[in-house]
Amino acid sequence: MLKGKSAVITGSTSGIGLGVAKALAANGADIMLNGFGDAEEIEEIRASLERDCGVRALYNGADMTKPDHITAMIAEAEESFGKVDILVNNAGIQHVSPIEDFPIEKWNAIIAINLSSSFHTIRAAFPGMKARKFGRIIQIASAHALVASPFKSAYVAAKHGVLGLAKVTALEGAEHGVTCNAICPGYVKTPLVEKQIPDTAKARGMTEEEVVQKVILAAQPTKKFVSVEDVAALAVFLAGPNSGSITGAAYQIDGGWVAQ
Ligand code: NAD
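It should be emphasised that the depicted structure is a prediction, and the values quoted were computed from it without experimental measurement.

Conventions used here
Residues numbered from 1 in each chain as written. Predicted model: local features only at pLDDT ≥ 70, side-chain atom pairs only at ≥ 80, totals over all residues. Heavy atoms only, no water. Buried < 20%, exposed > 50% of the residue type's maximum accessible area, 1.4 Å probe, protein only. Helix = DSSP H or I, 4+ residues; strand = E, 2+ residues; numbered from the N terminus. Pairing = 2+ DSSP bridges. Near = heavy atom within 4 Å. Polar contact = N/O pair within 3.5 Å; in protein donor to acceptor, adjacent residues only side chain to side chain. Areas by Shrake-Rupley, 256 points an atom, 1.4 Å probe, with all protein chains shown as cover. Nonpolar A, V, L, I, M, F, W, Y, C, P; charged D, E, K, R; others polar. Contact = heavy atoms within 4.5 Å. Axes fitted to C-alpha atoms, helices over the stretch in contact; angles between N-to-C directions. Parallel < 35°, antiparallel > 145°, perpendicular 65-115°, else oblique. Left-handed = near helix turned anticlockwise from the far one by under 90°. Salt bridge = Lys/Arg side-chain N within 4 Å of Asp/Glu carboxyl O. Right-handed = clockwise from strand over helix to strand, strands pointing away.

Caption draft 1: Expanded view of the pairing of strand β4 (residues 86-89). Alternating positions in β4 separate into two faces, Ile86 and Val88 on one and Leu87 and Asn89 on the other, with burial throughout. Across 3 bridges, strand β1 (residues 6-9) lies against β4 in parallel orientation. Opposite Val8, over in β4, you have Leu87 as the bridge partner. For β4 and strand β5 (residues 135-140), the ladder comprises 4 bridges, and the chain directions are parallel. The partner of Leu87 across the bridge, within β5, is Ile137.

Caption draft 2: Expanded view of the environment of Glu210. Structurally, Glu210 is set in helix α7 (residues 208-216). Between the C-alpha atom of Glu210 and that of Ile197, which follows or precedes it by 13 residues, the distance is 9.6 Å.

Caption draft 3: Looking closely at the site of the ligand. Around the ligand lies a shell of 30 residues, among which Ser14, Asn90, Tyr155, Val188 and Thr190 are the nearest. Here Asp63 contributes a side-chain N or O atom positioned 3.0 Å from a nitrogen atom of the ligand. Between an oxygen atom of the ligand and a main-chain N or O atom of Val188, the distance comes to 2.7 Å. Computed on the free molecule, the ligand has an accessible area of 830 Å², of which 94% lies beneath the protein chains in the complex. Looking at the shell around the ligand, the elements that each hand over two or more residues are α1 (15-26), α5 (153-173) and α6 (191-204). Residue contributions to the shell around the ligand peak at 3 residues, all from α6. A per-class count over the shell around the ligand returns 16 nonpolar, 12 polar and 2 charged.

Caption draft 4: Layout of the side chain of Asp85. With respect to the element layout, Asp85 can be found in the loop between α3 (67-81) and β4. Within the structure, the side chain of Asp85 is placed 2.9 Å from the backbone nitrogen of Ser6, a separation counted as a polar contact. The residues contacting Asp85, other than those within four sequence positions of it, are Gly4, Lys5, Ser6, Met129, Arg132, Phe134, Gly135 and Arg136.

Caption draft 5: Representation of the packing of α1 against helix α8 (residues 228-239) in the model. Closest axis-to-axis distance for the α1/α8 pair is 8 Å, and the angle between their directions is 50°. Here α8 runs oblique to α1, going by the angle between their axes. Taken as a pair, α1 and α8 cross one another with a handedness that is right-handed. Between α1, through Gly15, Ile16, Gly19, Val20, Ala23 and Leu24, and α8, the contact on the second element is made entirely by Val228, Val231, Ala232, Ala235, Val236 and Ala239.

Caption draft 6: Expanded view of the pattern of salt bridges. This structure, assessed with the given rule, holds 7 salt bridges. One salt bridge in this structure joins Glu43 and Arg46, with 2.8 Å as the shortest N-O distance. Of this pair, Glu43 and Arg46 both sit in helix α2 (residues 39-53), 3 residues apart, which is roughly one turn of that helix. Exposure remark for Arg46: the relative accessible area of 17% places this residue in the buried category. The salt bridge partner of Glu210 is Lys214, with a shortest N-O separation of 3.5 Å. With Glu210 and Lys214 both in helix α7, this residue pair falls 4 residues apart, about one helical turn. Classification of Lys214 as exposed rests on a relative accessible area of 54%. Through salt bridges with shared partners, one network takes in Glu43, Arg46 and Glu50.

Caption draft 7: View of the sheet that holds strand β2 (residues 30-34). Pairing in this open sheet of 7 strands is parallel, and the strands run β3-β2-β1-β4-β5-β6-β7 from one edge to the other. Every interior strand has two partners, whereas the edge strands, β3 (57-60) and β7 (250-253), have only one. Neighbour-to-neighbour, the strand axes of this sheet turn through a mean angle of 20°, independent of strand direction. Along the sheet face, helix α4 (residues 104-132) touches β4, β5 and β6 (178-185) and points at about 170° away from the line of β4. The strands touched by α8 are β4, β5, β6 and β7; relative to β6, the strand with the most contacts, the crossing angle is about 165°.

Caption draft 8: Quick peek at the pairing of β3. Pairing geometry for β2 and β3, over 4 bridges, is parallel. Along β3, the bridge assignment pairs Met32 with Leu58. After leaving β2, the chain enters α2 and then returns to the sheet as β3, a path that is right-handed.

Caption draft 9: Quick peek at the packing of α6 against α7. Following both chains from N to C, one finds α6 and α7 inclined at 95°, their axes separated by 9 Å at the closest point. As the angle between them shows, α6 and α7 are arranged roughly perpendicular. Together, Val193, Ile197, Pro198, Thr200, Ala201 and Arg204 of α6 and Glu208, Val211, Val212, Val215 and Ile216 of α7 make up the contact between the two elements.

Right, here's the structure in full:
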């Protein structure tokens, strides 16, 4: 379905981003991986995607807090693949704490990685997409782009911003064949969620098991985590040939969370 297309997926060495990269590659797209992690493990992921999917897979270690790294990453993808057709803005971190205790450096890092990096990737990829009259930009936002939870000030602010940026990008790309949509997952069991359980327990005065049952799964009427594979399949659809009239949309994939 995506043969001949090329994609950049930020934060794709783990969790949702890795799942999206695998699904895009399985559908024939060349991919550029990005994110942190053990160099040998990342090389194994990259090589296995080339081997198993018969696509080109590259890795660029750009730090999403650094605009010059981001510009260089998009330039490398354009040079290596000849173009960037699909851009998935996925890199993200979390910090859980009441506003008055929220460390300023955590606020700055979350805004930079979860929000500003999307502006920098879109800014760099947009001219080529517009010139070729084709582009699919997918923002991995969150249910927290639509509703808030206490103790996640920076994350909720960044994710609302990510959705706002998706809408502006959709309007600016609309006459140029470039779409931009946001995927808004509920809780997906990845390292990002696993790491926040102890801090949420502290902020709410609960045990870690209570956090899973009474905070995380209580938010989702299905009482189940959303799977990485389901999020990835939605990204493949939004990247594909039948989604040209879908733009500026927020796709909830949250077990019913924000329907409440
Ligand atoms: P994860 O921790 O498994 O993956 C995060 C990825 O981002 C990793 O590849 C990491 O190396 C990369 N990253 C972090 N800082 C970076 C930086 N400075 N530069 C480059 N890469 C960096 O987390 P995940 O749960 O897969 O999260 C992916 C996205 O999905 C995030 O934007 C997150 O907000 C969003 N999301 C997650 C959930 C969930 O429940 N897990 C729900 C809704 C939205």
